[in-house]
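Structural description and commentary
What follows is each chain in one-letter form.
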Amino acid sequence: MAKKEEAISMIDTLAEFKELKNIDKDTMISVLEESFRNVIAKMFGTDENFDVIINPEKGDFEIWRNRKVIGDDEELEDNNLQVRFAEARQIDPDCEVGEEVTERVQFLDFGRRAILNLRQTLASKILELQKDSLYAKYKDKIGHIVAAEVYQVWKKEILLLDDDGNELLLPKSEQIPTDFYRKGETVRAIVLRVDNFNNNPKIILSRTDKMFLQRLFELEVPEINDGLITIKAIARIPGERAKVAVESYDDRIDPVGACVGMKGSRIHGIVRELRNENIDVINYTANISLFIQRALSPAKISSIRMNEAERKAEVYLRPEEVSLAIGKGGMNIKLASMLTEYTIDVFRDIEGVEEEDIYLDEFADEIDGWVIDALKNIGCYTAKSVLAMDRDDIVERADLEEQTVDEVLAILAAEFEDDEKE
């Protein structure tokens, strides 16, 4: 009776395992059948003449053995593969010599050692299956946000548990410096990677990776999730400041406004999740000179000298703009370099930009905005930086009509002539 209860408990164990680990029925049947066959093969040398039938609905199993019927006077070479005629007639009265006879075998009759062997084999296969399932599940989630509960806080990492009780790790290096969690709190992070040494999956999470910020934007900004707005580049100093370059595929949508939201409603949720990380959202442009200018915001640039071969840019600013470009602790220029992937050097433009120089934006009532943008695209941000260039050079580089350039030069020159008369 005890043996029977032990055997049935194995089926119950598997059913419980299915509920906890979400293993499908076919896989369970396959695992159990293979476990039975391994034990049978060890006992009899082969399992090929056995049929193993699993009944998951009933919670039981059947084992049938097929043996060849030989004459009573013939030598019995293998009791597992052969049976004498007299014994076979007790199993099937209609059988004949040379045929196969099938009989049901009670696994419990194999003995306690066989039952224990089966349990160990089954436990080993279930553990292996569980690890494979965990690895496959989180391998597909790399780069996506997951939520898990803090189970234990250690010095170098935090142990979290997902809804299925699987263990996840959030290393100290992947935490925002101001992160602080207690047991039982819920943490959101992305799956950074899944290590699998010796079939022992280890799921590593991150809250400092750039992809975490991108996924948060996708959750908060429907236009990004719908593909109307694309995040082109991200630069982060976790917990401090970030710059995000966005581009819209619909001219009617302002990408920066959509990401920030009405009165900052959309971006506030992201900032709170990132422990008050400052986030600058800027318009992306393929024009690297203009992109660098926007990346250095709020500083206003006087001129730029580009070295595309070495991916370097020399940026010239008025003395009072230099500190804005560099930012506190050099953070602004560092993020701008990370965002544009250009090495940016800042210089005080004392000779080139005099105190009486004027930014082109101040001529918006006289010069069309698209013309001002075209001039900025070639590195001219002030009136005198335009006047210092050759007329034909402006026509060619800015791709403007000669008449348009002449009108711009006349407007800019007149401004300084008026100042001199005064």
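Keep in mind that this is a model prediction, so the values were computed, not measured. (Residues numbered from 1 in each chain as written. Predicted model: local features only at pLDDT ≥ 70, side-chain atom pairs only at ≥ 80, totals over all residues. Heavy atoms only, no water.)

A word on the overall build of the protein chain
If you tally the helices and strands in the protein chain, you get 15 helices and 15 strands. Relative to a compact globule of 422 residues, whose C-alpha radius of gyration would be 22 Å, the protein chain shows 37 Å and is clearly more extended. Each principal axis of the C-alpha atoms in the protein chain carries an extent, and together these give about 135 × 45 × 35 Å. In the protein chain, buried positions account for 45% of the 422 residues. Across the protein chain, the fraction of contacts at a sequence separation of at least 24, relative to all contacts at a separation of at least 6, is 58%. Within the structure as shown, the protein chain displays about 23,600 Å² of accessible surface, and the carbon and sulfur contribution to it stands at 45%. Treating the 56 positive side-chain charges of the protein chain as one cloud and the 89 negative ones as another, the clouds have centres 9 Å apart. (Helix = DSSP H or I, 4+ residues; strand = E, 2+ residues; numbered from the N terminus. Rg over C-alpha atoms; globule rule 2.2 N^0.38 Å. Buried < 20%, exposed > 50% of the residue type's maximum accessible area, 1.4 Å probe, protein only. Contact = heavy atoms within 4.5 Å. Areas by Shrake-Rupley, 256 points an atom, 1.4 Å probe, with all protein chains shown as cover. Lys, Arg positive; Asp, Glu negative; His and termini not counted. Charge placed at Lys NZ, Arg CZ, Asp CG, Glu CD.)

Some points on the sheet that holds strand S15 (residues 343-348)
Strand pairs in the sheet, formed through backbone hydrogen bonds, run parallel or antiparallel to each other. Reading across from one edge, S13-S14-S15 is the order of the 3 strands in this open sheet, with mixed pairing throughout. The outermost strands of the open sheet, each flanked by one partner alone, are strand S13 (303-307) and S15. If you compare each strand with its neighbour and ignore which way they point, the axes differ by 20° on average. In this fold helix H9 (residues 288-295) packs onto S13, strand S14 (312-317) and S15, with an angle of close to 125° to the strand it touches most, S13. Strand contacts of helix H10 (residues 319-326): S14 and S15, with the helix running at about 155° to S15, the strand carrying the most contacts. (Pairing = 2+ DSSP bridges. Axes fitted to C-alpha atoms, helices over the stretch in contact; angles between N-to-C directions.)

Re unusual backbone geometry
The omega angle of the peptide bond from serine 297 to proline 298 is 15°, so this bond is cis rather than trans. With respect to the secondary-structure elements, proline 298 resides in the loop between H9 and S13. Despite not being glycine, arginine 275 has its phi angle at roughly 60°, a positive value. With respect to the helices, strands and loops of the structure, arginine 275 is situated in the loop between helix H8 (265-273) and strand S12 (278-283). Located in the positive-phi region is arginine 311, a residue other than glycine, with phi close to 50°. Here arginine 311 shows up in the loop between S13 and S14.

Considerations on the environment of phenylalanine 61
Within the fold, phenylalanine 61 resides in strand S2 (residues 60-70). Between the alpha carbons of phenylalanine 61 and lysine 312 there is a distance of 73 Å; along the sequence they are 251 residues apart.

What about the nonpolar core?
Formed by 26 residues in total, the largest nonpolar core has its most connected members in Ile292, Leu296, Val315 and Leu339. Looking at this core, the elements with two or more residues in it are strand S10 (229-237), H9, S14, H10 and helix H11 (331-340). Among the elements that make up this core, the one with the highest residue count is H11 (5 residues). Those residues in contact with leucine 296 that lie beyond four places of it in its chain are Ile301, Val315, Ala325, Asn332, Ile333, Ala336 and Ile344. (Core = buried A, V, L, I, M, F, W, Y, C linked by side-chain atoms within 4.5 Å.)

Things to note about the UniProt feature "domain: S1 motif" (unreviewed entry) in the protein chain
Cross-referencing UniProt, the feature "domain: S1 motif" (unreviewed entry) maps to residues 143-208 in the present numbering. Each end of residues 143-208 is marked by a C-alpha atom, and these two atoms are 12 Å apart; helix forms 0% of the span and strand 58%. (UniProt positions renumbered as here; feature names shortened; annotations may be inferred.)

Some words on the pattern of salt bridges
All told, the structure shown has 24 salt bridges when counted by the stated rule. Across the pair lysine 137 and aspartate 162 runs a salt bridge whose closest N-O atoms are separated by 3.6 Å. Pair noted here: lysine 137 is in helix H4 (residues 112-139) and aspartate 162 is in the loop between strand S6 (157-161) and strand S7 (167-171), with a separation of 25 residues, a long-range link. Look at lysine 137 and you get partly exposed, because its relative accessible area is 28%. For aspartate 162, a relative accessible area of 9% gives the class buried. Of the charged contacts in the structure, one is a salt bridge between arginine 275 and aspartate 179, with a shortest N-O distance of 2.8 Å. On the criterion of sequence distance, the pair formed by arginine 275 in the loop between H8 and S12 and aspartate 179 in the loop between S7 and strand S8 (186-197) is long-range, its members being 96 residues apart. If you follow the salt bridges from partner to partner, you end up with Asp179, Arg188, Arg207, Glu273 and Arg275 in one network. (Salt bridge = Lys/Arg side-chain N within 4 Å of Asp/Glu carboxyl O.)

Considerations on the environment of isoleucine 203
Relative to the elements of secondary structure, isoleucine 203 occurs in strand S9 (residues 200-206). Overall, isoleucine 203 belongs to the buried group, its relative accessible area being 1%. Each C-alpha atom of the pair isoleucine 203 and glutamate 167 lies 7.5 Å from the other, and the pair is 36 residues apart in sequence. Isoleucine 203 has contacts with Leu134, Tyr138, Glu167, Leu168, Leu169, Val191, Arg193 and Val194, leaving out every residue within four places of it along the chain.

Considerations on the pairing of strand S5 (residues 145-153)
Pairing of S5 with S8 involves 5 bridges; the strand directions are antiparallel. Within S8, the residue paired with valine 146 across the bridge is alanine 189. In the sheet, S5 pairs with S6 via 4 bridges, with the strands oriented antiparallel. By the bridge assignment, glutamate 149 is partnered in S6 with leucine 161. The turn joining S5 and S6, which pair antiparallel and follow one another in sequence, is formed by 3 residues.

Brief notes about the environment of threonine 208
Here threonine 208 shows up in the loop between S9 and helix H5 (210-220). Along the chain, threonine 208 and asparagine 283 lie 75 residues apart, while their C-alpha atoms are 23 Å from each other.

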